[in-house]
Amino acid sequence: MAPASTLAAGSVGSVETQYLDLPEPVQLDCGRELYPIRVAYETYGVLSPRRDNVILVCHALSGDAHAAGFSKAPPGESTRDGFAAEDRDGTAGKGLGWWDGMIGPGKAFDTDRFFVVSTNMLGGCRGTTGPSSIDPATGQPYGSNFPVITVADMVRTERAFLDALGIERLAAVAGGSLGGMQAFEWAILFPDQVDAVVAIASTHALHPQGMAWNSIARDAIMRDPAWQGGHYYGTGRTPDAGMGVARMVGHVTYLSAPALDDKFGRRLQSASDIRYTITEPEFEVESYLRHQADSFVRRFDANTYVYTSRALTYFDLARQHGGGSLAAALEPVEARTLLIAFSSDWLYPPAASQQIHDALDGLGKPVEFQVIDAPYGHDCFLLEEARQTPIIRRFLTDGGAGG
C-alpha cells in the first residue's frame, strides 16, 4: 500500500489481483459440472472479527475483478468503459478500477466500514475460468466447448468462492447492469445469507429490444470467419472485425440520443467538408465508435462476450423462479433492496426497476426505489457516481450494516 500522503482522497491505494482455485466442481444450469475453476478477485478494506461487514461487488458484461484503486500492473487498455471515460480519467484511467469512484474510504461502499470483495465473473477472460481457459480433458482452450452458463451459475461460483474464504453471509451484494442481475440472484438463491441488495440500472429480465441488440452483437462475432467455430486460440487469427462491430453495437445501446447529439452532433472528423469516402470515418461519432472497437478487442475475449451476452438474454427471474410470476420469484427475498435507475436509460429502463419495486412492496418486503434524472443512458451507472453515493451511503447506514 502506498503512503497515505501519496494517495488520491478516498482511494484504496495500490492493489493487486489475487486468484483462488475452487476445491469442488460447480453444478451448472445446463446440466454440466465445471472443474477446475479459478476465480480472480480483489478485496478492499478490513474484514471484521465477526466477518459481518462484507459487500460483494458484481461487475457488468465487460468488467473484471479490478473495481477500485490503482492496479500494480496497469492493463494496456482501461476497463473504465463509461461514456467519454478518457475525458474524465486522463492518463490515470488505465490503472484505475472500473468503479473506483464508488469504492473507498468515505465513498458509497465505504472501506472504513466494509470489507469489499470484487470477483471476475464465471466465463470471464480476466483471470476467472472461461472459454479461453484450458480444458483439462483436451489440454487446449475450451473455445466453444465451454459450457453455456447463466447468471445463476455466476452466483453459485461466487458462493463457492466466498465459502473458500470462510465468508458465510453478506452485508450487501451490489452491482450495476449485469451486476445487478447477480445481486437479484443472490437474494433469491441464498436469501438467508444476504442482508441488503443494491441493484443499479438493472432489470428482472432484458427487454426484447435489448435481446435483439445482443443477438446482433453475438452474430457479428460468430459470422466473422476468424471466429472458426469458437476455436481461434493459437491459430494466429482472431475475430477482431466481428468483435469490433459487437462492441460498437453494445456501446450505442449504453448511450442515449441526447448524449450522442450533445457530444458529437453531426461534426466532421477531420475535414471542413465531406471527402466522399465509404471506408474512412467522416464524422466524429464514427471515429469514436471505431476507437471504442479497437481498444476493446485488445483487452477482451470474443468468446467471453458471446457467452456472457447469452447469459444476459437467458436471465428472467419470473421464468426461472416464479413460474412466470415476478412476485412469486421474489417471495424468498429477505434482503432490504435499493433500486437505482436513470431517466435516459432505455436499455435497462426505470420501468423495469419500478416493476421490481412494486412486486417487492406488494409482498411487504423492504424496498426503496430512486430514479436519477441524467442524460447519458445506461452508462449513467458508471458516470453518475457522485449522485449515487449519498443514496447508497444512507441506505447502508440505515440498515446498520458493517457498523
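Description of the structure in this document. (Residues numbered from 1 in each chain as written. Predicted model: local features only at pLDDT ≥ 70, side-chain atom pairs only at ≥ 80, totals over all residues. Heavy atoms only, no water.)

Thoughts on helix H2 (residues 151-165)
Between its terminal C-alpha atoms H2 stretches 21 Å, which fits the 21 Å expected from 15 residues at 1.5 Å a residue. Among all positions of H2, only Val151, Ala152, Asp153, Met154, Val155, Thr157, Glu158, Arg159, Phe161 and Leu162 are buried. Downstream of H2 by one or two residues, Gly166 has phi in the positive range, about 80°. (Helix = DSSP H or I, 4+ residues; strand = E, 2+ residues; numbered from the N terminus. Expected span 1.5 Å × (residues − 1). Buried < 20%, exposed > 50% of the residue type's maximum accessible area, 1.4 Å probe, protein only.)

Structural notes on the packing of aromatic side chains
By the definition in use, this model includes 11 aromatic pairs. The interplanar angle of 40° and the centroid separation of 5.5 Å between the aromatic rings of Trp99 and Phe109 together place this pair among those described as tilted. Here Trp99 is found in the loop between helix H1 (85-89) and strand E8 (103-104), whereas its partner Phe109 is found in strand E9 (residues 109-110), with 10 residues between them in sequence. One aromatic cluster is present, built from ring pairs that chain together Trp98, Trp99 and Phe109. The positively charged end of Arg310 is found above the aromatic ring belonging to Tyr314, 5.1 Å away from the centroid. (Phe/Tyr/Trp six-rings, centres within 6.5 Å; stacked < 30°, edge-to-face > 60°. Lys NZ or Arg CZ within 6 Å of the ring centre and 35° of its normal.)

Quick word on the pattern of salt bridges
Per the stated rule, a full pass over the model turns up 16 salt bridges. Between Asp153 and Arg156 there is a salt bridge whose closest N-O contact spans 2.8 Å. Within this pair, Asp153 and its partner Arg156 are both found in helix H2, separated by 3 residues, close to a single helical turn. Classification of Arg156 as partly exposed rests on a relative accessible area of 25%. Across the pair Asp163 and Arg159 runs a salt bridge, and its minimum N-O distance is 2.9 Å. With Asp163 and Arg159 both in helix H2 and 4 residues apart, the pair spans about one turn of that helix. Residue classification places Arg159 among the buried residues on the basis of a relative accessible area of 6%. Among the charged side chains, a network of salt bridges with common partners joins Asp29, Asp153 and Arg156. (Salt bridge = Lys/Arg side-chain N within 4 Å of Asp/Glu carboxyl O.)

Side note on the packing of H2 against helix H3 (residues 178-189)
Interaxial distance between H2 and H3 falls to 9 Å at its minimum, and their mutual angle equals 70°. Here H2 lies roughly perpendicular to H3, going by the angle between them. Here H2 runs over H3; the crossing is right-handed. Within the contact between the two elements, H2 uses Val151, Ala152, Met154, Val155, Glu158, Arg159 and Leu162 and H3 uses Leu178, Met181, Gln182, Glu185, Trp186 and Leu189. When its residues are assigned to classes, the contact of H2 with H3 shows 9 nonpolar, 1 polar and 3 charged. (Axes fitted to C-alpha atoms, helices over the stretch in contact; angles between N-to-C directions. Parallel < 35°, antiparallel > 145°, perpendicular 65-115°, else oblique. Left-handed = near helix turned anticlockwise from the far one by under 90°. Contact = heavy atoms within 4.5 Å. Nonpolar A, V, L, I, M, F, W, Y, C, P; charged D, E, K, R; others polar.)

None of this, on its own, says anything about what the molecule does.
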